[in-house]
Amino acid sequence: MKKLVLLGALALSVLSLQAFADEKPLKIGIEAAYPPFASKAPDGSIVGFDYDIGNALCEQMQVKCVWVEQEFDGLIPALKVRKIDAILSSMSITEDRKKSVDFTTRYYLTPARLVMKEGTVVSDSLDELKGKKIGVQRGSIHDRFAKEVLAPKGATVVPYSSQNEVYLDVQAGRLDGTVADATLLQDGFLKTDAGKGYAFVGPQFTDVKYFGDGVGIAVRKGDALKGKIDEAITAIRANGKYKQIQDKYFDFDIYGADAK
């Protein structure tokens, strides 16, 4: 009897391994231009919080990750034409995007902030932005926010294809500042040599209309993959893997204040 049980267990193990081998790889779209979430190491490999979270989720789901690099504003079009199966690139969950894609539960939540010359005063009214040039990443939620909230205050909103290009023009004096995710700005600019002399100014921006309910992973409408990823997010938060990755990059709970 014990031999039969052992043989049965071995057979199930072989079938499980075969199923894993036969599983189609999960093609994940990412733009590797936003440290500490995703960027390029000197050897050309992708590194960052988003990348590590994605690999942890694939491991939890027992599927192979294949990372597909794409400029941010091309990620949703690539998803729709099936060049990728999911987008894991710090994409905020917004009502506007929900019209085109389905989102998983969030995997982190941070506010947006303005960065300008250190000592610049910007009140909650934002009136001080009149005549200022503010750079944003084209196609991002910050692009829409800047055009609908900052532009009416008299700011000139200048879109760029990447946030790194924005940083270059801020440093060169061609822009007065930028608005983007606070963590992205802190680690990708303020903590670098290029960001010396610059600081967060004005209020935090958390309006759900623009910034949604946090950052999630986008999949095609009606795709059952959403449920599988939701389960995987819950699992890695429960088993400690999420915290292990978080602590590698941040000294605070990036999941958000209502984390359980």
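Predicted model, so just to flag it, every value in this text is computed and none were measured. (Residues numbered from 1 in each chain as written. Predicted model: local features only at pLDDT ≥ 70, side-chain atom pairs only at ≥ 80, totals over all residues. Heavy atoms only, no water.)

A. Local environment of the sheet that holds strand 9 (residues 156-160). Strand order in the open sheet formed by five strands is 9-8-10-7-11, with mixed pairing between adjacent strands. The open sheet has two free edges, formed respectively by strand 9 and strand 11 (198-205), since each of these has just one partner strand. In this sheet, neighbouring strand axes are inclined to one another by 30 degrees on average, regardless of whether the strands run parallel or antiparallel. As paired strands, strand 7 (residues 112-117) and strand 11 are joined by five bridges and run antiparallel to one another. (Pairing = 2+ DSSP bridges. Helix = DSSP H or I, 4+ residues; strand = E, 2+ residues; numbered from the N terminus. Axes fitted to C-alpha atoms, helices over the stretch in contact; angles between N-to-C directions.)

B. View of the sheet that holds strand 6 (residues 102-103). An order of 4-1-5-12-6 is seen for the five strands of this open sheet, with the pairing classed as mixed. Sheet topology places strand 4 (65-69) and strand 6 at the edges, where each strand pairs with a single neighbour. In this structure, strand 1 (residues 26-30) lies alongside strand 4, joined through five bridges in parallel fashion. Its bridge partner lying in strand 4, Gly29 is registered against Val68. Sheet contacts for helix 9 (residues 225-238): strand 1, strand 5 (86-92), strand 6 and strand 12 (215-219); angle to strand 12, the most-contacted strand, approximately 150 degrees. (Contact = heavy atoms within 4.5 Å.)

C. Structural detail: the nonpolar core. In this structure, Phe49, Leu57 and Tyr107 are the most contacted members of the largest nonpolar core, which totals 47 residues. For this core, the element with the highest residue contribution is helix 2 (residues 49-61), accounting for six residues. Lining this core are residues from two domains, each supplying at least three of them: domain 1 (26-109 + 213-248) and domain 2 (112-205). Setting aside residues no more than four positions away along its own chain, Tyr107 makes contact with Phe49, Asp50, Ile53, Leu88, Ser89, Ser90, Val215, Gly216, Ile217, Ile233, Tyr242 and Tyr255. Formed by 19 residues, the second largest nonpolar core is a distinct cluster that contains Leu126, Val136, Ala155 and Phe205. (Core = buried A, V, L, I, M, F, W, Y, C linked by side-chain atoms within 4.5 Å. Buried < 20%, exposed > 50% of the residue type's maximum accessible area, 1.4 Å probe, protein only. Domains from an automatic or database assignment.)

D. Inspection of helix 10 (residues 241-249) at higher detail. Buried residues of helix 10: Tyr242, Ile245 and Gln246, and no others. With its buried residues spanning 100 degrees around the axis, helix 10 presents them on a single face. Facing away from the buried side of helix 10 by over 90 degrees, the exposed positions are Lys243, Gln244 and Lys248. Packed against the buried residues of helix 10 are helix 2 and helix 9. (Arc of directions from axis to C-beta.)

E. Region of interest: the state of the cysteines. For the structure on display, the rule yields one disulfide. Disulfide pairing is shown between Cys58 and Cys65; the S-S distance is 2.0 Å. Here the disulfide of Cys58 and Cys65 is right-handed, its torsion about the S-S bond being about 90 degrees. Given a relative accessible area of 17%, Cys65 falls into the buried group. (Disulfide = S-S within 2.5 Å.)

F. Region of interest: the packing of aromatic side chains. Following the criterion strictly, the structure yields 18 aromatic pairs and no others. Note on Phe49 and Tyr249: the rings are 6.3 Å apart at their centroids and 85 degrees apart in plane angle, and the pair reads as edge-to-face. Of this pair, Phe49 sits in helix 2 while Tyr249 sits in helix 10, and the two are 200 residues apart along the sequence. Plain terms: the ring middles of Phe49 and Phe250 are 5.3 Å apart, the flat faces sit at 70 degrees to each other, and that makes the pair edge-to-face. (Phe/Tyr/Trp six-rings, centres within 6.5 Å; stacked < 30°, edge-to-face > 60°.)

G. Highlighting the side chain of Thr104. Position of Thr104 among the secondary structure elements: in the loop between strand 6 and strand 7. We classify Thr104 as buried; its relative accessible area is 4%. Not counting chain neighbours up to four residues away, the residues in contact with Thr104 comprise Ile93, Gly216, Ile217, Lys226, Ile229, Asp230 and Ile233.

H. Summary view of the packing of helix 6 (residues 163-171) against helix 7 (residues 182-190). Packing of helix 6 against helix 7 brings their axes to within 11 Å, and their N-to-C directions diverge by 60 degrees. On the basis of their axis angle, the class for helix 6 and helix 7 is oblique. Every pair of crossing elements has a handedness; the one defined by helix 6 and helix 7 is right-handed. Seen from helix 6, the contacting residues are Gln163, Tyr167 and Val170; seen from helix 7, they are Leu184, Leu185, Gly188 and Phe189. Residues of the contact of helix 6 with helix 7, tallied by class, amount to five nonpolar, two polar and no charged. (Parallel < 35°, antiparallel > 145°, perpendicular 65-115°, else oblique. Left-handed = near helix turned anticlockwise from the far one by under 90°. Nonpolar A, V, L, I, M, F, W, Y, C, P; charged D, E, K, R; others polar.)

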